[in-house]
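Okay, here's what each chain looks like letter by letter:
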Amino acid sequence: MAAEEEAAEASLAQLSPERRRLGREDGHEENPEGGGGGGDSAALNGVVDVKVTESELETEEKGAEEESTRESDSNILDVSSDYPREKHISIQRHLADLEKLADLKEGEFTMAVSQNTDLHAADEKKPCPLCPEEKFKSCYGHKLHRHLQNLHWKVSVEFEGYRMCICHLACRPVKPNLVGDQTFSKMGAHYHCIICSATIMRRTDMIGHINRHVNKGETESRFITVPAPKSHEVLKESATDVQVLPNYSTPQKTDSYFNPKMKLNRQLIFCALAVLAEERKPIECLDAFGATGIMGLQWAKHLRSSVKVTINDCNENSVTMIQENCHLNKMKVKLDTKEEENDEAMGDGEENTDTIEVTKMDANVIMHLRAFDFIHLDPFGTSVNYLDSAFRNVRNLGIVSLTSTDISSLYAKAQHVAQRHYGCNIVRTEYYKELAARIVIAAVTRAAARCNKGIEVLLAVALEHFVLVVVRVLRGPSPADDSAKKIRYLIHCQWCEERIFQKEGNMLEENPYQQLPCDCHGSMPGKTAVVLGPLWSGALFNTGFLRRMLFEAVQYGLDEAQPLLKTLVCEAECTTSKHFSTHSPYDENKQEECGVYIKTSNASADSFLVHGKRKSDELIRNTAKRQKSENSAEHPAFYYNIHRHSIKGMNMPKLNKFLNYLSEAGYRVSRTHFDPMGVRTNAPLAQFKTVLMKYSTPTYTGGQAEGPVHLAEDVQAAEQVQAAADGKTDDEFLEDDNSGVAATMFTEGYPTHCAAD
């Protein structure tokens, strides 16, 4: 009896205080007197209490173990307080974990079953944890294993060790019009995202959804113990360091977009800013879309005190990245008119007065609030949404540069988008890149005219990835009117690719085809030409500005921009590369007026000193008019592709030799950066083909004896067609001498063509 009492006391000592108190109260109530018979009954009750308390002890130990495991699981799965919810049951690491969910399906009943693993009979049926009872009924273990493996595990999406299995439960919201049995038939399978709470039906869409999370840097799952830190990569360009995210090359999916292919674009913009900085100091410049801040950092690092740089971006993460890159390059950051000094970033004993202002606002807002001397727009896609704000407060003789990357619409691949954004009708032509540049300049001209400002085009570049336009702003309604008059429509022949700008004036012509130099409308059935535009019909380059840009590129060692700038100078002057010189006599007879180099002549300057004031003023006006006409016809509009107009069965001459042949025939020729096989010339297309045919050789040697005969016949036929076209177009040009740049070039080249023939 003593041993039994000691065992009962030991068991009571292991129980909780409440259970101990209840046991003592029960014992006192049953044995108030404590007699002998009572001792026997107390001993009996002690044995019963021992048995009861042992079973209760087991259940309490099980509950404590379950609570501890549940707490440990929650600590492992939900480390961050930002993600309070637990993971979905369809997200598991191993297939065995998914099979265990079948036992946990019934709640507390499975707790008791899980403790007695020997009780799991082979003939016990289990339900699928990821399918409703109406879709998959309870089955035996081997069949359930096969079902989970084939229908859930094999089609899962893997992410960092976890498997997002397909789920058939009623997790997705059901349409309200579906009731009854239709609800389960319309449910459909879906996946649960491990990072966010999204439910996605298709597996491919789920993979793309996870990839978007990874591209945005959102890889911190609520189910991962240690979140993966964002690793930054440091890139260097033009002695400027920038740190970017690993997905920096994916636009619209990263906070720090950086395109290494746009290095040439950044160098051209830097040269334009350097030229403006030589005219006046200091200048306030704005990089409206900073991203990583690489462009503004290059401005401040190389031009230093000549510029006051402002880098803007509407994304908070990008602004933080810009600040870090400023400190990385030992620059001071100015935020909300308060300088943020970092002595450690400045270096030991190093004094750097370079300060960059970083702002976080919409680009339209900052351009409406403040005035700048230099504004660069480089949004993702078209920049037409920001043109009105850019020209609102830009200072007089300032520069606005814009980079358009919506090449699908500008290069006539998405013509409806070009109609929507630019209000321009275009088709795919051989000169589509120059057409894109003229479309952008026309949009810029209209935006500037709405603010009573005119423009002068300094540079227009269209390459594979972007279209860059740099213009100088001229305040006043008169420059605005002059610029607006240069927006005209283009008549393009779809048979021979001939093109010409429409004549100025509002009068409707009876036969617009007469403006074209070709005779395709008379010889071909139906309509042969289309009207494109409105387009910019003026010059695309300023030779003096390009030469100064080339000088700045050589001075700062921008190797990639130098070959392109040399090509642009030759294209602006319409000369070949062999006649190119860095210091040409053209520079000596130039003066700077309104920040732009214009031509002057020494002879006229001497005459101004000899004659009287009234006569000299008259000569100045006449000279200005003559210079204006010369500047407007500096380079011909558009170009021809030598491969597009080659003769079938004939070998073309080399491009450089062909340029010499055209030059010897009396035409102005040059290569163009728009097309590596393009020729910019003032020769009409018929004469272009005549010279090309004259110097082409037969492809087959067998017909070499008959070649000159056929060649002469072809030349005679071409000359007859050209003579008819010349007679027709010559009469038209006598009616109106101001019919455009192309018409002027044609009339000038006509006598030389006859001499060459």
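Per chain, residues are indexed from 1 in the order of the written sequence. For a predicted model such as this one, the threshold for reporting local features is a pLDDT of at least 70, and the threshold for listing and counting side-chain atom pairs is 80 or more; totals across whole chains, interfaces and linings nevertheless cover every residue. Remark: hydrogens and water are excluded; side-chain values derive from all non-hydrogen atoms of the structure.

Time to look at the overall build of the chain. Helical segments are the DSSP runs of H or I of at least four residues, strand segments are the runs of E of at least two, and each set is numbered from the N terminus. For the chain, the helix and strand inventory stands at 28 helices and 26 strands. Contact criterion: two residues are considered in contact whenever any of their non-hydrogen atoms come within 4.5 Å of each other. A sequence separation of at least 24 residues applies to 66% of the contacts in the chain between residues at least 6 apart. To measure how exposed things are, a 1.4 Å probe is used in the Shrake-Rupley method; for residues, cover is taken only from the protein chains shown. As displayed, the chain offers around 39700 Å² of accessible surface, 51% of which is attributable to carbon and sulfur atoms.

F391, M549 and L565 are the most contacted members of the largest nonpolar core, which has 111 residues in total. In contact with M549, other than residues within four places in its own chain, are L268, C271, A272, V275, L459 and L565. Here, nonpolar core refers to any group of buried Ala, Val, Leu, Ile, Met, Phe, Trp, Tyr and Cys residues whose side-chain atoms link them within 4.5 Å. Remark: exposure states derive from per-residue accessible area (1.4 Å probe, protein chains only) relative to the maximum for the residue type, with buried under 20%, exposed over 50%, and partly exposed in between. Listed in part, the 24 residues of the second largest apolar core include I491, C496, C518 and V679.

Salt bridge, as used here: a side-chain nitrogen of Lys or Arg that lies within 4 Å of a carboxyl oxygen of Asp or Glu. Summed over all chains, the structure comprises 15 salt bridges. A salt bridge links D373 to R395; its shortest N-O distance comes to 3.0 Å. Taken as a pair, D373 in the loop between α13 (363–369) and β13 (374–377) and R395 in the loop between α14 (387–390) and β14 (399–404) lie far apart in primary sequence, 22 residues in all. What you see here is one network of salt bridges that share partners, running through R280, E284, D373 and R395.

Attention now goes to the packing of helix α9 (residues 263–279) against helix α21 (residues 561–573). Note on method: axes are straight lines fitted to C-alpha atoms, helices fitted across the in-contact stretch only, with angles between N-to-C directions ranging 0 to 180 degrees. It is at 10 Å that the axes of α9 and α21 come closest, and there the two elements cross at 65 degrees. Judged by the sense of rotation from one axis to the other, the crossing of α9 with α21 is right-handed. From α9, L264, Q267, L268 and C271 reach across to α21, where they touch A561, L564 and L565. All amino acids are sorted into three groups, where Ala, Val, Leu, Ile, Met, Phe, Trp, Tyr, Cys and Pro are nonpolar, Asp, Glu, Lys and Arg are charged, and the leftover types, Gly among them, are polar. Tallied by class, residues from the contact of α9 with α21 come to 6 nonpolar, 1 polar and no charged. What makes a crossing left-handed is the near helix being turned counterclockwise from the far one by less than a right angle; a clockwise turn instead makes it right-handed.

Here the focus is the confidence of the model for the chain. Parts of the prediction with low pLDDT should not have their coordinates interpreted in detail. Considering every residue of the chain, the mean pLDDT works out to 74; 64% of them sit at 70 or more. pLDDT measures the predictor's confidence residue by residue and takes values from 0 up to 100. Confidence over residues 67–85 falls short of pLDDT 50; this stretch has 23 contacts with residues more than four positions distant or in other chains. Contacts from residues 106–122, a stretch scored under 50 in pLDDT, to residues over four places away or in other chains number 12 contacts.

What follows deals with the sheet that holds strand β3 (residues 162–164). If you trace the 3 strands from one edge of the open sheet to the other, you get β1-β3-β2, paired in antiparallel fashion. Sheet topology places β1 (91–92) and β2 (157–159) at the edges, where each strand pairs with a single neighbour. Here β2 runs beside β3; their pairing, made up of 3 bridges, is antiparallel. Bridged to V157 within β3 is M164. Here helix α8 (residues 203–215) sits on the sheet and contacts β2 and β3; the angle it forms with β2, its principal contact strand, is near 15 degrees. At least two DSSP bridges between two strands are needed for those strands to be called paired.

What follows deals with the state of the cysteines. For the purposes of this analysis, a disulfide is any pair of cysteine sulfur atoms at a distance within 2.5 Å. Counting across every chain of the model gives 0 disulfides. Take C493: it sits in no disulfide, and the sulfur closest to it among the cysteines is that of C496, at 3.6 Å.

Quick look at the sheet that holds strand β19 (residues 529–536) now. The strand order across the open sheet built from 3 strands is β18-β17-β19, with neighbouring strands paired in antiparallel fashion. In this open sheet, the two edge strands, each paired with only one partner strand, are β18 (499–501) and β19. Strand-to-strand twist in this sheet, taken as the mean axis angle between neighbours without regard to direction, amounts to 25 degrees. The pairing of strand β17 (residues 487–493) with β19 spans 6 bridges and is classified as antiparallel. When the bridges of β19 are listed, H492 appears paired with V530.

With that settled, the discussion passes to the side chain of T690. Here T690 is to be found in helix α26 (residues 685–694). Judged by relative accessible area, which is 4%, T690 ranks as buried. Polar contacts involving the side chain of T690 include one to the main-chain carbonyl oxygen of A686, which spans 2.8 Å. Throughout this description, a polar contact denotes any pair of N or O atoms lying within 3.5 Å of each other; where both atoms belong to protein, one of them has to be capable of donating a hydrogen while the other can accept it, and for residues adjacent in sequence the pair is counted only when both atoms sit in side chains.

Now for helix α20 (residues 543–555). Counting along an α-helix, one turn takes 3.6 residues, and residues three or four places apart therefore face a common direction. Helix span, expected: 1.5 Å multiplied by one less than the number of residues in the helix. The end-to-end C-alpha separation of α20 is 18 Å, in line with the 18 Å expected for 13 residues at 1.5 Å each. Residue G557 follows α20 closely and has a positive phi angle near 70 degrees.

Turning our attention to the packing of α9 against helix α10 (residues 294–303). Closest axis-to-axis distance for the α9/α10 pair is 11 Å, and the angle between their directions is 40 degrees. In terms of their interaxial angle, α9 and α10 are classed as oblique. Once α9 is placed against α10, the crossing between them reads as right-handed. Facing N265, R266, I269, F270, L273 and A274 of α9, the residues of α10 in contact are I294, M295, Q298, W299, H302 and L303. Partitioning the contact of α9 with α10 into residue classes produces 8 nonpolar, 3 polar and 1 charged. For classification purposes, angles smaller than 35 degrees are called roughly parallel, those larger than 145 roughly antiparallel, those between 65 and 115 roughly perpendicular, and all remaining angles oblique.

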